[in-house]
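# Fold and geometry: a report
Each chain, written out:
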Amino acid sequence: MKCIYCKHNKLYIITSTQVKCANCKRKFSTKKIKQQKDIVECFCNNLTINQASKKLNLHYITIKKQYENIRNNISVYLENIYNNTKVTAYEEYIYIEKSKKHLKQNIFDAKNFICFEYDNKVFNLLMPSLNRYKEQFINDGAEEIYYKEFSKFLMFNKISKNKKEQTLIHRFLYYFENEILKYKGVSDENFFYYLKEIEFKFNFTKDEQKNILKTYYLLLIR
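Residues numbered from 1 in each chain as written. Predicted model: local features only at pLDDT ≥ 70, side-chain atom pairs only at ≥ 80, totals over all residues. Heavy atoms only, no water.

### Considering the packing of helix α1 (residues 30-44) against helix α2 (residues 49-56)
- At a minimum axis separation of 10 Å, α1 and α2 run at an interaxial angle of 140 degrees. For the element pair α1 / α2, the angle class is oblique. In the packing of α1 onto α2, the handedness of the crossing is right-handed. Counting all contacts with α1, which are made through Asp38, Ile39 and Cys42, the residues of α2 involved are Ala52, Lys55 and Leu56.
- Here the residues of the contact of α1 with α2 sort into 4 nonpolar, no polar and 2 charged. (Axes fitted to C-alpha atoms, helices over the stretch in contact; angles between N-to-C directions. Helix = DSSP H or I, 4+ residues; strand = E, 2+ residues; numbered from the N terminus. Parallel < 35°, antiparallel > 145°, perpendicular 65-115°, else oblique. Left-handed = near helix turned anticlockwise from the far one by under 90°. Contact = heavy atoms within 4.5 Å. Nonpolar A, V, L, I, M, F, W, Y, C, P; charged D, E, K, R; others polar.)

Written as structure tokens, this is what we have:
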């Protein structure tokens with residue numbers, strides 16, 4: 001085992017669960033590191049919180065907290081690698097749950113984001129919630145007009161699944177549409193983090209995901 005901070009391979013054993021690096025002199029818990037690596041494995045293998053809890057024999061709340069931390073750090077990581085890159089294409093996309101699409105009062109629950117393509121990857125920028133305009137449109141009596149215009153935009157914005165050649169952005173949006181259903185409802189507060197998780201898993205293979213999280217994420221949990 002190497003030091004998680006400086007990668008030096010000489011460690012001193014302090015206790016049965018704690019070691020100290022001979023180079024940078026920092027201490028860390030081997031038990032905690034192993035636990036975090038196991039949680040990363042579960043996350044990258046798409047195990048639910050409940051499945052990971054049973055597999056690792058850890059409390060549900062422990063897994064939930066670590067999954068949330070991983071998603072939060074994924075969003076930072078994706079932002080960092082996207083900065084100073086060259087965008088080659090972009091497309092605006094509006095997502096609304098199927099069960100809400102035909103109810104006028106739910107149009108303000110739609111999630112609007114812009115998907116950028118760069119270096120054979122995608123980066124998503126979540127736009128401000130439409131809910132902030134809801135009261136204004138209702139008070140102005142413009143709800144019906146907005147609904148009609150919104151419906152037109154959805155039809156225009158709809159991805160054609162019959163095209164033989166699809167762009168990277170279209171492939172991501174298909175992937176997103178399928179993956180978001182697995183969560184069986186996502187709150188407005190958490191949508192950004194689930195979007196970033198899906199983006200991360202689309203951009204990188206499972207092995208790449210594990211390597212990134214076992215280096216980048218483990219340094220942030222000390």
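### Considering α2
- For α2, the set of buried residues is Ile49, Ala52 and Ser53. Down the axis of α2, the smallest arc covering the buried residues is 105 degrees, so these residues share one side. Relative to its buried face, α2 has exposed residues pointing more than 90 degrees away, namely Lys54 and Lys55.
- In this fold, the buried residues of α2 make contact with α1 and α3 (60-82).
- Positioned one or two residues after α2, Asn57 has a phi angle of 60 degrees, which is positive. (Buried < 20%, exposed > 50% of the residue type's maximum accessible area, 1.4 Å probe, protein only. Arc of directions from axis to C-beta.)

### Description of the layout of surface pockets
- Computed from the structure, the second largest pocket encloses a volume of approximately 560 Å³.
- In terms of lining residues, the second largest pocket is bounded by 21 residues, among which Ile49, Tyr67, Arg71, Tyr183 and Tyr194 are the most central.
- For the lining of the second largest pocket, the secondary-structure elements that each account for two or more residues are α2, α3 and α7 (188-203).
- Residue classes in the lining of the second largest pocket are distributed as 9 nonpolar, 5 polar and 7 charged. (1 Å grid on protein atoms, 1.4 Å probe; cavity = no way out; pocket = protein on both sides within 12 Å on 5 of 7 lines; lining within 4 Å. Points joined across faces, edges and corners; volume = space filled by probe spheres on them.)

### Quick word on the sheet that holds strand β5 (residues 111-118)
- One open sheet accounts for 3 strands, arranged β4-β5-β6; its pairing is antiparallel. Whereas interior strands pair on both sides, the edge strands pair on one side only; in this sheet they are β4 (89-95) and β6 (121-126). Within the sheet, the average angular offset between the axes of one strand and its neighbour, ignoring direction, is 25 degrees.
- In the sheet, β5 pairs with β6 via 6 bridges, with the strands oriented antiparallel. Within β6, the position partnered with Phe116 by the bridge is Phe123. (Pairing = 2+ DSSP bridges.)

### Describing the sheet that holds strand β2 (residues 18-21)
- Strand order in the open sheet made by the 3 strands is β1-β2-β3, with antiparallel pairing throughout. With one partner strand each, in any of the chains shown, β1 (11-13) and β3 (27-29) form the two edges of the open sheet. Between one strand and the next, the sheet's axes are offset by a mean angle of 30 degrees, whatever the strand orientation.
- The pairing of β2 with β3 spans 3 bridges and is classified as antiparallel. The partner of Val19 across the bridge, within β3, is Phe28.
- Here α1 sits on the sheet and contacts β2 and β3; the angle it forms with β3, its principal contact strand, is near 55 degrees.

### Observations regarding the pattern of salt bridges
- For the structure on display, the rule yields 9 salt bridges.
- A salt bridge links Asp38 to Lys34; the shortest N-O distance between them is 2.9 Å. A residue pair is termed a helical-turn pair when its members lie 3 or 4 positions apart in one helix, as Asp38 and Lys34 do in helix α1 at 4 residues.
- You can call Asp38 partly exposed: its relative accessible area is 25%.
- The class of Lys34 is exposed, set by a relative accessible area of 51%.
- Between Lys182 and Glu179 there is a salt bridge, with the nearest N and O atoms lying 2.9 Å from each other. (Salt bridge = Lys/Arg side-chain N within 4 Å of Asp/Glu carboxyl O.)

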